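# Fold and geometry: a report
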Amino acid sequence: MSIATLAESFGMVFQAQVLIAILGGAVYGLFIGALPGLTATMATALLVPLTFYMAPLPAIALIVSSTAMAITAGDIPGALLRIPGTPASAAYTEESYAMTRRGDAGRALSIGFFFSALGGLIGAAVLLITGPLLARVSLNFSSFEFFWLAVLGLLTCALVSGSNPVKGCVSLVLGILISTVGLDITTGQPRFAFGSVELLGGVSFIPVMIGMFAFSEILRGLSANGDKDRSEMEPSIDSRQLKPFQGVWGLFRRYPLSVLRGTSLGASLGALPGVGGDLAAWIAYGISARFSKTPEKFGKGHEEGLIEATSANNSGLSSAWIPALVFGIPGDAVTAIAVGVLYMKGVSPGPRLFAENPTMPTAIILCFFVANLLLFPLGYFAIKGARAVLAVPRNVIVPMILVCCFLGAYAINNTLFGVGIMLVAGLTGYIMERNDFPIAPVILGLVLGPVLERNFIMSMQIARGDLMGFFHRPVSAVLGVFVIAVIAVTIVSQVRKVLRRSRADTSETSLTQ
Amino acid sequence: MFHEALLRSRQALCLAGIALVATAGGALAEWPEKAVTVIVPWSAGGGTDATARAVASELEERLGQPFNVVNRTGGGGLVGHSAIANAPADGYTLGVITIESTMFAAQGLPGVTPEDYTYIGRFNADPIAINIAADADYSDAQGLIDVVRADPGAVAASGANRGGLSHLAWIGLLDKLDIDPAAATWVATDGSAPAMQQLASGAIDVVSTSPAEAQSLVDAGEAKTVALISSERSSLYPDLPTTTELFDTDWSPLPFRGVAAPKGIPDEVVAKVEAALQEITEDPDFQSFMASRGFSVAYQDAAMFERTVMSSSEGLASAMSSAGLSQ
């Protein structure tokens, strides 16, 4: 892209109308995202009617900034109240909530905002420099490659499930099983629908997520009432700790590799339509735990994984626009809506857009920069405001969370069915946690289950049932060998550990004899 | 301050109550006297959603009440379609239906049949096209069909779920050409976007979807639209040949978008919306919006729309049974 294009795009973005749209979108996104149970997708869908009356660039700027902000602000209820805003943030909700319970809410939120903004800025830079190139690469990914990526995502389960990987896998399988409910696209047959039309549509992960995390937490609070561990339940506030962005620079200097890994992972996975964004944060968190010097601290309020996952989350968000802008293939629900708005505004996404009118896509990418920069000041106020949330007495905040749970579950498809799913999921989550089964892997299974199944079946249909088909395409073969190597290394190291222990035992016994 | 807010909200509640009583008095006033819900069975941002929202905002302008679009997704459109049919028939819930509404019953899926609606008017109909990879060994529909005929199993096609309209259009064509529908593997996907991705990555050979949905990858030089599965050429793509011209067959599954309501809504509502819809489809603004997204405008009034739906329902049911898909 030429300097002239860049200058012209700057001129387009730095106009009052566009800047107001970005600011308005950001403030709006902050509110929607910060309300537990309301999601970035909903924020975007609600904006569509408004964009009818706007010029193309302000309309897209509005959507860009509101989603960037809503996704980041979704970490606020995650950290304060344990209600993740997106399936991606479910990966690290436990971690940031653990920090809040320790009295470090300010730090958890500062990390969320600072590293999200950083990830978003780097992601936008990647988008600006390599956009069309990356899109070309992402177009070479077929179901064979997506299948291996989904397997890789599932492997991170062992890393997010804390001290007991076996129970984590049980949770994961539960999530995958729930994801099989509904009309099967391959055979056209209903599965586990029991004659219910609503169940034919499948179980959406948002009510499950709200139920398992938030509603189960309320149930836990109720049953713990009067118990001696109640004080442990309640997030303690230490107002000194609520200084926004204090110490984040130090963290950046301590974990530069995490930021780098997180953003590059997010940027590259995010560009893959369909799976990218959600997967990036999970894999980033998993990698962080795997390569950390202190993996035992993960899940107990440790900064490292949080930094890596949250920066992956936002850089993935930017690069999800790559396939949408370059080829008109939306990567997720948000970009699907955005593509619709672009068409409606007479701006057809596609390679012609880059060739004929390069200032437009460049201007859209510049909107990402401005929106992510806005995360710093708005994040500052949000963190300040968080003190007010934490100061609200529990008997006031619990009913409010409950209302938000119902609202969010209802809003996903405008039916009470979603509320029912939320309640059942909440009860299940409560029982699971009582018995030390982690719940984050359920969400992972629910999100990745369909990706895994569909891409496996599609690949098998193409390869006519030949499993070697997964190794016939070059990229797929490399990914496959990598995934198998990861599994093999894990098994071998486990076996060696067991062997070493038994050998040590026998040598000990032979010594004593 | 909190108490003040509470007091204020209590006042607002009282006012709302008074307002409610006041409106209840005029129950016999003319429709619409309050907001109308428009159910869309497909997700926000898709083609049906975009066109439905455009129609809804025009209806709002003409009839003076909000027309709120609500997306009810899931089950390949079944959830939303049955929600429209099962809504209260008071004229305050309408819906935008698509051709899938005619196929659920034949597939043995419970919930909705074409008889469950009051048809109001069609505003759009676009044929499905055959799209192939740009680097394929053949360059037109004839070449593709020759390969399918000569080498069963060599070609993999996709575009939607098994039993979805894309699938039926494709196997219906093969059936008319006396080719076993199993000669081309059908790869079930979630919709046209993942199918186009598969085509671009070289994993499959054919995607049957509307030319508009293939447009950006055609522009990118990754795909090529070779023919419309239709008996009429499209005004938006005048250069595309039809399968009827190429193969002398009679197979024209035409996906439509139209406004419908639950069975038994007041005739007054049908008449008003029908008239408004006709005006909308004649509006140059609406026409240019539809053209910009690659959708054609094809109005049919209530009676005509119902006839079209019923006949396409029969045609698809026979295509499904010949493909072994019906129950």
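Residues numbered from 1 in each chain as written. Chains lettered and ligands numbered in written order. Predicted model: local features only at pLDDT ≥ 70, side-chain atom pairs only at ≥ 80, totals over all residues.

### Digging into the overall build of chain B
Selection rule: Counting from the N terminus, the helices are DSSP H or I runs at least four residues long and the strands are E runs at least two residues long. Exposure classes come from backbone-placed C-beta atoms, where a residue is buried if 20 or more other C-beta atoms lie within 10 Å of its own, exposed if 12 or fewer do, and partly exposed in between. Residue pairs are scored as contacts if the distance between their C-beta atoms, which are placed from the backbone, is within 7 Å.
A count of helical and extended segments in chain B gives 11 helices and 10 strands. Expressed as a percentage of its 327 residues, the buried residues of chain B come to 54%. Within chain B, counting contacts between residues at least 6 apart in sequence, those at least 24 apart form 74% of the total.

### Things to note about the domain arrangement of chain B
Residue and element names in this part refer to chain B. To be explicit about the condition: Per the annotation, domain bounds derive from an automatic or database assignment of domains.
What the domain assignment reports for chain B is domain 1 (34-126 + 255-322) and domain 2 (128-247). Distance from the C-alpha centre of domain 1 to the C-alpha centre of domain 2: 26 Å. Domain 1 puts 15 residues into the contact, and the matching count from domain 2 is 15 residues. Counting residues per element, the side of domain 1 that touches domain 2 draws most heavily on helix H11 (residues 302-322), which supplies four residues.

### Let's talk about the sheet that holds strand S9 (residues 223-229) of chain B
Residues and elements named next belong to chain B. In plain terms, the rule: Paired strands, in this sense, are two strands between which DSSP finds at least two bridges. Between N-to-C directions, angles span 0 to 180 degrees; the directions come from axes that are lines fitted to C-alpha atoms, helices contributing only their stretch in contact.
The five strands are arranged S7-S6-S8-S5-S9 in an open sheet whose pairing can be described as mixed. The open sheet has two free edges, formed respectively by strand S7 (184-187) and S9, since each of these has just one partner strand. Strand-to-strand twist in this sheet, taken as the mean axis angle between neighbours without regard to direction, amounts to 30°. Alignment of strand S6 (residues 155-158) against S7, held across four bridges, turns out to be parallel. Bridge pairing links alanine 157 to tryptophan 186 in S7.

### Quick word on the nonpolar core
The cut-off we apply is this: Throughout this description, the term nonpolar core refers to a group of buried Ala, Val, Leu, Ile, Met, Phe, Trp, Tyr and Cys residues whose C-beta atoms join them within 7 Å.
Judged by nonpolar contacts, the single largest core of 263 residues is most densely connected at Ile60, Ile210, Ala281, Cys367 and Ala371 of chain A together with Val38 and Met196 of chain B. When sequence neighbours within four positions are dropped, the list of residues in contact with alanine 371 of chain A reads Ile22, Ala26, Val64, Ser65, Ala68 and Met69 of chain A.

### Regarding the pairing of strand S4 (residues 117-125) of chain B
Residues and elements named next belong to chain B. When you tally the buried positions in S4, you get nine out of nine residues, the bulk of the element. With seven bridges connecting them, S4 and strand S10 (residues 256-262) associate as antiparallel partners. Opposite asparagine 124, over in S10, you have arginine 257 as the bridge partner.

### Comments concerning the interface of chain B and chain A
Listed as interface residues are 50 residues of chain B and, on the opposing side, 49 residues of chain A. Listing elements by their share of the side of chain B that touches chain A, those giving two or more residues are helix H2 (47-63), helix H3 (78-85), S7, helix H6 (192-200), helix H7 (211-219) and helix H10 (284-292) of chain B. If one sorts the elements of the side of chain B that touches chain A by residue count, H6 of chain B sits on top with six residues.

### Notes on the domain arrangement of chain A
Residues and elements named next belong to chain A. Rule in force here: Note on residue categories: nonpolar means Ala, Val, Leu, Ile, Met, Phe, Trp, Tyr, Cys or Pro, charged means Asp, Glu, Lys or Arg, and polar means any other residue, Gly included.
Looking at the assigned domains, one finds that chain A contains domain 1 (3-472) and domain 2 (476-513). For domain 1 versus domain 2, the distance between C-alpha centres works out to 36 Å. On the side of domain 2, six residues touch domain 1, which itself brings nine residues to the contact. Here the side of domain 1 that touches domain 2 is built from residues that sort into eight nonpolar, no polar and one charged.

### What to know about the confidence of the model for chain A
The predicted structure's coordinates, where accompanied by low pLDDT, should not be read in detail. Residue and element names in this part refer to chain A. Quick reminder of the rule: Per-residue confidence from the predictor is reported as pLDDT, which spans 0 to 100.
Across chain A, the average pLDDT comes to 81, with 92% of residues at 70 or higher. No element of chain A has a lower mean pLDDT than helix H13 (residues 230-233), which averages 43, and none a higher one than helix H23 (residues 416-434), which averages 92. Across residues 226-233, confidence stays below pLDDT 50; counting only partners more than four residues off in sequence or on other chains, it has five contacts.

### Remarks on the sheet that holds strand S2 (residues 67-71) of chain B
All names here are of chain B. Pairing is mixed across the open sheet formed by five strands, whose spatial order is S2-S1-S3-S10-S4. One side of each edge strand has no neighbouring strand; the edge strands of this open sheet are S2 and S4. Taking each pair of neighbouring strands and ignoring which way they run, the sheet shows an average axis angle of 25°. Note that strand S1 (residues 36-40) and strand S3 (residues 93-98) share three bridges and pair parallel. Across the sheet, the residue bridging to threonine 37 is threonine 93, located in S3. Across the sheet, helix H9 (residues 267-282) touches S3, S4 and S10, and the angle it forms with S4 is around 0°. Its contacts with the sheet place H11 against S4 and S10, and it is angled at close to 85° to S4.

### Focus: the packing of helix H7 (residues 105-138) of chain A against helix H15 (residues 256-270) of chain A
Residue and element names in this part refer to chain A. For the record, the criterion: Just so you know how the angles are binned, under 35 degrees is roughly parallel, over 145 roughly antiparallel, 65 to 115 roughly perpendicular, and the rest oblique. Handedness of a helix crossing follows the sense of rotation of the near helix relative to the far helix, less than a right angle counterclockwise being left-handed and clockwise being right-handed.
Two elements in contact, H7 and H15, have axes separated by 9 Å at closest approach and are oriented at 50°. Relative to H15, the element H7 lies oblique. Viewed along their axes, H7 and H15 form a crossing whose handedness is right-handed. Residues Phe115, Leu118, Gly119, Ile122, Gly123 and Val126 of H7 lie in contact with H15, whose contacting residues are Val259, Gly262, Thr263, Gly266 and Ala267. Its residues placed into classes, the contact of H7 with H15 shows six nonpolar, five polar and no charged.

### A short note on the environment of phenylalanine 291 of chain A
With respect to the secondary-structure elements, phenylalanine 291 of chain A resides in helix H16 (residues 276-291). Remark: the alpha-carbon pair of phenylalanine 291 of chain A and serine 258 of chain A, spanning 33 residues in sequence, is separated by 9.6 Å.

### Details of H3 of chain B
Note: α-helices contain 3.6 residues per turn, so residues at a spacing of three or four share the same orientation. The buried fraction of H3 of chain B amounts to eight of the eight residues, a majority that puts the element mostly inside the structure. Taken residue by residue, H3 of chain B has Leu78, Val79, Gly80, His81, Ser82, Ala83, Ile84 and Ala85 of chain B as its buried positions.

### Focus on the packing of helix H2 (residues 16-34) of chain A against helix H3 (residues 40-51) of chain A
Residue and element names in this part refer to chain A. The interhelical angle for the contact between H2 and H3, taken along N-to-C directions, is 135°, at an axis separation of 9 Å. Classified by the interaxial angle, the pair formed by H2 and H3 is oblique. The two elements H2 and H3 cross, and the hand of that crossing is right-handed. Across the interface between the two elements, Tyr28, Gly29, Ile32 and Gly33 of H2 pack against Ala40, Met42 and Ala43 of H3. Considered class by class, the residues forming the contact of H2 with H3 number five nonpolar, two polar and no charged.

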